[in-house]
Amino acid sequence: MPLQHRPSDVGADAHFRDTSSPRKGLYDYIIIGGGTAGCVLASRLTEDPTISVLLLERGGVHDTFTMRCPLLSASYTQGKHPSVRWNSTPLTAANGRVLEILTGTVLGGASRFNAMLYTRGSAAQYDEWRRRGRIGWSYADLEPYFIKSENSLNPSGDHHGSGGPWSNRYFDQFYFNSFPRAAKAAQDLGISYTEDANAPEGPCVSCAKLHVTMTPNGKRLSTFDAFLPPSIITERQNLTICTNTLVTKLDFEVDDTQPVASGVFFKSYEPNVKQQTFYAKAKKEIVVCCGAIETPHLLLLSGIGEMDHLSKHDIKVIKDLPGVGRNLQDHVGVTLTYKVPLSDSFHSLESSLTRALTEFLNYLIRGRGLFTYPTVQVSIFAKSDNLGNDTKPSSEHTNREAFPDIEIMPIPHETTYVTTQKSQGFFSFICVPLRPKSSGTIQLHSNNPHANPKVDLGFFTHAADVEVLKKALRLARKLGEKMRVNGYQMEDYLVPTGDSDEELDTFIRQGVRTTYHYASSCRMAPEHDSVPGVVDDELRVHGVSRLRIADASIFPDVVATHLQAPVVMVAEKCADILKQTWSTAK
């Protein structure tokens, strides 16, 4: 079966919506978005050869050497890249700064170019969701889905899987001296070291070695490569993948009580070119997996959202659902940067052709070396309420009992991309509040599906997030000071001018950045919750039949970790929900 179908191959003429003869454009399930979640869901649903699935993806395949190489594929700030980028609205609480919004346009989505980190988050957060009423979303409910997808390549406990298609590993050795130096500094400050950030019984406050999603021979393993390898795409005649395709809106029928999602309109994804629109019909359900930016965008274009906002853009209201696009959350980041020896930094590849060629050949021949290494090997997790004026963390809680609200990532390069010093090495601490109280919104710019949505990240609209960041920065500065005391050569480069609240506040608002962890914009909660929900506990859109969402947008709150493993878990759970729903409906 060919991988890259065109819209005309898989859909009927939208003017006639003729999906009955000769059954063109008729499928059991239609999945919109072939990103991190969509690839998993398509793979799981088509395990049943009697089930037909159409997977529609805005981007292409991009099966290149660069996209498989861990180091090169993560360089998404430079050169041609399978993504769409535009500016956020000005941040009113951060000096009017405008930040870049980035969404992937490639099969596998962000798992094709992110930091490859496999972190589940703390069991305590999922248990908190259950206490708040989310039935089926405790850690005990969700751990089997994490295990199902996973193939852990390192010795591990019962909480890890070994039979799934998605491999992960950690590196026994640290490539740069800054990593063990940072880990030693953390231990000197009373932060315990652990080799498994995902252990439910592990320490909540810790310096943790991080797992990354890679093959044994040193290649990035995205969800596209893991769940839709060539063998599956070739063998499964019941799976149709249509790339470079823009879904313009959903189609609905109306029964006696509520609208029913019945089909999708789509066309070739070529902006500024008039394209014929095609139509496909779902016999069972439609699942939207476009991510926390594009999923609410599509719902709004389709008439699901706040009534006044839809009417303003001349869109027929299918379902007045104010929660769509509300409560957008992200993990903000603020970076401390130091000068370090060039040899102890990724910048050594930029300044030394010899080293770059040596490392590149090592990767080509042996699948080892610097081109296989993640940019983050360890991370420091802390709780702000355990940080007093002396900024010494202390907590005896496990991940099952509590979850952190601070992450400090040691990274052996300059992450703000403002330096021009190619012959200088840099080391950074990215400080992140993991449990933001601030939230933003996603709204329409227009009813043109080619127009990017209006994204207000809403950073620091709640003052508590700034206070947590101040504590994170003070802890990071303590870590840097301890590294220097222990003999590591570091010189301040981009750091606050002082330690006062005013100086830290200025530094935060001037240096805030996104970590691209968009989430919770179609949150799982009751429709009329204090923060309005969009989907129920089985991922069904409120008030609309046969329409579900499976991506980071459904998190009740952004998960206090890196998001790709939780997103895969959501897709695994969604697949099981659909199978169970329709097996009992027969």
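In case you missed it, the structure is sitting above this.
Along each chain, the written sequence defines residue order, and numbers are assigned to residues from 1. Only residues with pLDDT of at least 70 get local features here, since the model is predicted, and only at 80 or more are side-chain atom pairs given and counted; chain-wide, interface and lining totals rely on the full set of residues. Hydrogens and water are ignored here; the side-chain numbers use all heavy atoms of the structure.

**Student:** Just to check I follow, could you spell out the overall build of the protein chain for this structure?
**Tutor:** Helix and strand counts for the protein chain come out as 16 helices and 26 strands. Computed over its C-alpha atoms, the radius of gyration of the protein chain comes to 23 Å, within 12% of the 25 Å expected for a compact globule of 586 residues. In terms of overall dimensions, the protein chain has C-alpha extents of about 75 × 55 × 50 Å along its principal axes. Per-residue burial for the protein chain yields a buried fraction of 62% across its 586 residues. Long-range pairs, those at least 24 residues apart, make up 72% of the contacts in the protein chain with a sequence separation of at least 6. When the accessible surface of the protein chain is split by element, carbon and sulfur atoms take 48% of a total near 22400 Å². Within the protein chain, one finds 61 positive and 64 negative side-chain charges whose respective centroids are separated by 3 Å. Secondary structure follows DSSP: runs of H or I at least 4 residues long count as helices, runs of E at least 2 residues long count as strands, and numbering of each begins at the N terminus. Only C-alpha atoms enter the radius of gyration; for comparison, a globular chain is expected to reach 2.2 Å times N to the power 0.38, where N is the number of residues. Throughout this description, buried means an accessible area under 20% of the type-specific maximum (1.4 Å probe, protein chains only), exposed means over 50%, and partly exposed covers the range between. In this analysis, two residues are considered to be in contact whenever any of their non-hydrogen atoms come within 4.5 Å of each other. Each accessible area is a Shrake-Rupley estimate made with a 1.4 Å probe; only the visible protein chains count as cover when residues are assessed. Working convention for charge: Lys and Arg count positive, Asp and Glu count negative, and His plus the chain ends are omitted. Think of each charge as sitting on NZ of Lys, CZ of Arg, CG of Asp or CD of Glu.

**Student:** Please clarify how a nonpolar patch on the surface should be interpreted in this entry.
**Tutor:** On the surface, F65, L72, L361, L364 and I365 cluster together to form a nonpolar patch covering roughly 460 Å² of accessible area. The greatest single-element share of the nonpolar patch, amounting to 3 residues, is contributed by helix 13 (residues 353–366). Positionally, I365 belongs in helix 13. The exposed category is assigned to I365, whose relative accessible area is 68%. Each patch is built from salt-bridge-free residues with over 30% relative accessible area, joining like charges within 9 Å and nonpolar side chains (Val, Leu, Ile, Met, Phe, Trp, Tyr) within 5 Å. Each salt bridge in this description consists of a side-chain nitrogen of Lys or Arg and a carboxyl oxygen of Asp or Glu lying within 4 Å of one another.

**Student:** Teacher, can you tell me more about the environment of F252 here?
**Tutor:** With respect to the helices and strands, F252 occurs in strand 13 (residues 245–254). For F252, a relative accessible area of 15% puts it in the buried group. Along the primary structure F252 and G303 are separated by 51 residues, whereas in three dimensions their C-alpha atoms are 9.9 Å apart. Among all residues touching F252, those that are not within four sequence positions of it are P259, V260, A261, S262, S302, I304, I318, V544 and L547.

**Student:** Mind showing me how you'd approach unusual backbone geometry here?
**Tutor:** In most cases, non-glycine residues show a negative phi, while peptide bonds are predominantly trans. Positive phi, close to 55°, is recorded for D314, a residue that is not glycine. Topologically, D314 is positioned in the loop between helix 11 (307–312) and strand 17 (319–320). Overall, D314 belongs to the exposed group, its relative accessible area being 68%.

**Student:** How do you make sense of the packing of helix 7 (residues 178–188) against helix 14 (residues 464–485) when you look at a structure like this?
**Tutor:** Describing two packed helices takes the angle between their axes plus the distance from one axis to the other. Interaxial angles span 0 to 180 degrees and are taken between N-to-C directions of axes, which are lines fitted to C-alpha atoms, for helices over the stretch in contact. Following both chains from N to C, one finds helix 7 and helix 14 inclined at 110°, their axes separated by 9 Å at the closest point. Considered as vectors, helix 7 and helix 14 are oriented roughly perpendicular to each other. For the pair formed by helix 7 and helix 14, the contact residues are S178, R181, A182, A185, A186 and D188 on the first element and L479, K482 and M483 on the second. Every angle not falling under 35 degrees, over 145, or within 65 to 115 is termed oblique; those three ranges are roughly parallel, roughly antiparallel and roughly perpendicular.

**Student:** Sorry if this is basic, but what is going on with the packing of helix 5 (residues 123–131) against helix 6 (residues 139–149) here?
**Tutor:** In contact at an axis separation of 9 Å, helix 5 and helix 6 are set at 125° when each is read in the N-to-C sense. Taken as axis vectors, helix 5 and helix 6 run oblique relative to one another. Here A123, Y126 and D127 of helix 5 lie close against helix 6, whose contacting residues are Y139, A140, L142 and F146. Ten residue types, Ala, Val, Leu, Ile, Met, Phe, Trp, Tyr, Cys and Pro, are classed as nonpolar, four, Asp, Glu, Lys and Arg, as charged, and the remainder, Gly among them, as polar. A per-class count over the contact of helix 5 with helix 6 returns 6 nonpolar, no polar and 1 charged.

**Student:** Quick question: what am I supposed to make of the pairing of strand 2 (residues 26–32) here?
**Tutor:** The side chains of a regular strand alternate between both faces of the sheet. Summarising burial for strand 2: 7 of the 7 residues are buried, a large majority. Should DSSP find at least two bridges between two strands, the strands are taken to pair. Bridge count for strand 2 against strand 15 (residues 278–288) is 6 bridges, and the pairing is parallel. Across the sheet, the residue bridging to I30 is I286, located in strand 15. Judged from the 4 bridges that link them, strand 2 and strand 3 (residues 53–56) form a sheet pairing that is parallel. Its bridge partner being in strand 3, Y29 is matched across the sheet by V53.

**Student:** Looking at this structure, how should I read the packing of aromatic side chains?
**Tutor:** In this description, an aromatic ring pair is defined by two values, namely the gap between the centres and the angle between the planes. Any Phe, Tyr or Trp ring, taking Trp's six-membered ring, that has another such ring centre within 6.5 Å forms a pair; planes under 30 degrees apart are called stacked, those over 60 apart edge-to-face, and the others tilted. The tally for this structure, following the rule as stated, stands at 21 aromatic pairs. Centroid distance F360 to F371: 5.5 Å. Interplanar angle 65°. Geometry classified as edge-to-face. Placement of the pair is F360 in helix 13 and F371 in the loop between helix 13 and strand 19 (378–382), with a sequence separation of 11 residues. Measuring from centroid to centroid gives 6.5 Å for F459 and F460, while their planes differ by 50°, and the two rings are tilted. By relative accessible area, which is 3% here, F459 ends up buried. Accessibility expressed as a relative area gives 6% for F460, which makes it buried. These aromatic residues form a ring-pair network of at least three members: Y126, W129, Y139, F146 and F555. The rule is short: NZ of Lys or CZ of Arg within 6 Å of the ring centre and within 35 degrees of the ring normal puts a charge over the ring. Between K249 and the ring centre of F265, over which it is positioned, the NZ or CZ distance is 5.6 Å. Seen from the ring of W137, K573 lies directly overhead, with NZ or CZ sitting 5.1 Å from the centre.

**Student:** Whenever I open this one, the nonpolar core confuses me. Can you help?
**Tutor:** Across soluble globular proteins, nonpolar side chains have a tendency to be buried as a group. We define a nonpolar core as any set of buried Ala, Val, Leu, Ile, Met, Phe, Trp, Tyr and Cys residues linked to one another through side-chain atoms lying within 4.5 Å. Of all hydrophobic cores here, the largest spans 89 residues; its most connected members are I30, V264, L547 and F555. Among the elements that take part in this core, helix 16 (residues 564–584) stands out by supplying 10 residues, more than any other. Not counting residues within four places of it along the chain, the set of residues in contact with F555 comprises W129, A519, S520, R523, M524, L563, P566, V567 and V570. I293, L336, V378 and M483 belong to the second largest nonpolar core, which has 64 residues in total.

**Student:** Explanation requested: the side chain of T119 in the structure shown.
**Tutor:** Counting through the fold element by element, T119 comes out in the loop between strand 6 (117–118) and helix 5. Here the side chain of T119 touches H562 through a polar contact of 3.3 Å, landing on its backbone nitrogen. Apart from residues no more than four positions distant in its own chain, T119 is found in contact with N198, L210, T561, H562, A565 and P566. Contacts described as polar in this section are N or O atom pairs within 3.5 Å, which, within protein, must combine one atom able to donate a hydrogen with one able to accept it, while residues neighboring in sequence count only if both atoms come from side chains.

**Student:** What should I look at first to understand the environment of S122 in this one?
**Tutor:** By the secondary structure assignment, S122 is in the loop between strand 6 and helix 5. Here the alpha-carbon distance between S122 and A197, two residues 75 residues apart in the chain, equals 8.7 Å. Setting aside anything within four residues of it in sequence, one finds S122 in contact with N399, A402, F403 and P404. At 3.1 Å, the side chain of S122 forms a polar contact with the side chain of N399.

**Student:** I tried to follow empty space enclosed by the protein on my own but got confused; where do I start?
**Tutor:** A 1.4 Å probe that fits into a set of points on a 1 Å grid over the protein atoms alone but cannot get out defines a cavity; an open set with protein on both sides within 12 Å along at least five of seven lines defines a pocket, and lining residues are those with an atom within 4 Å of a point. Grid points are joined across faces, edges and corners, and a volume is the space filled by probe spheres set on the points. Summed over the entire model, instances satisfying the criterion amount to 2 cavities of 30 Å³ or more. Approximately 130 Å³ is the volume attributed to the largest cavity. For the lining of the largest cavity, the per-class residue count stands at 7 nonpolar, 8 polar and 2 charged. Estimated volume of the second largest cavity: approximately 60 Å³. When the residues that make up the lining of the second largest cavity are grouped by side-chain class, the tally is 6 nonpolar, 4 polar and 2 charged.

**Student:** Please explain helix 15 (residues 501–511) as it appears in this structure.
**Tutor:** Side chains that are three or four residues apart share a direction in an α-helix, a result of its 3.6 residues per turn. Among all positions in helix 15, only L504, F507, I508 and R509 are buried. Against strand 18 (332–340), helix 14 and strand 24 (491–494) lie the buried residues of helix 15.

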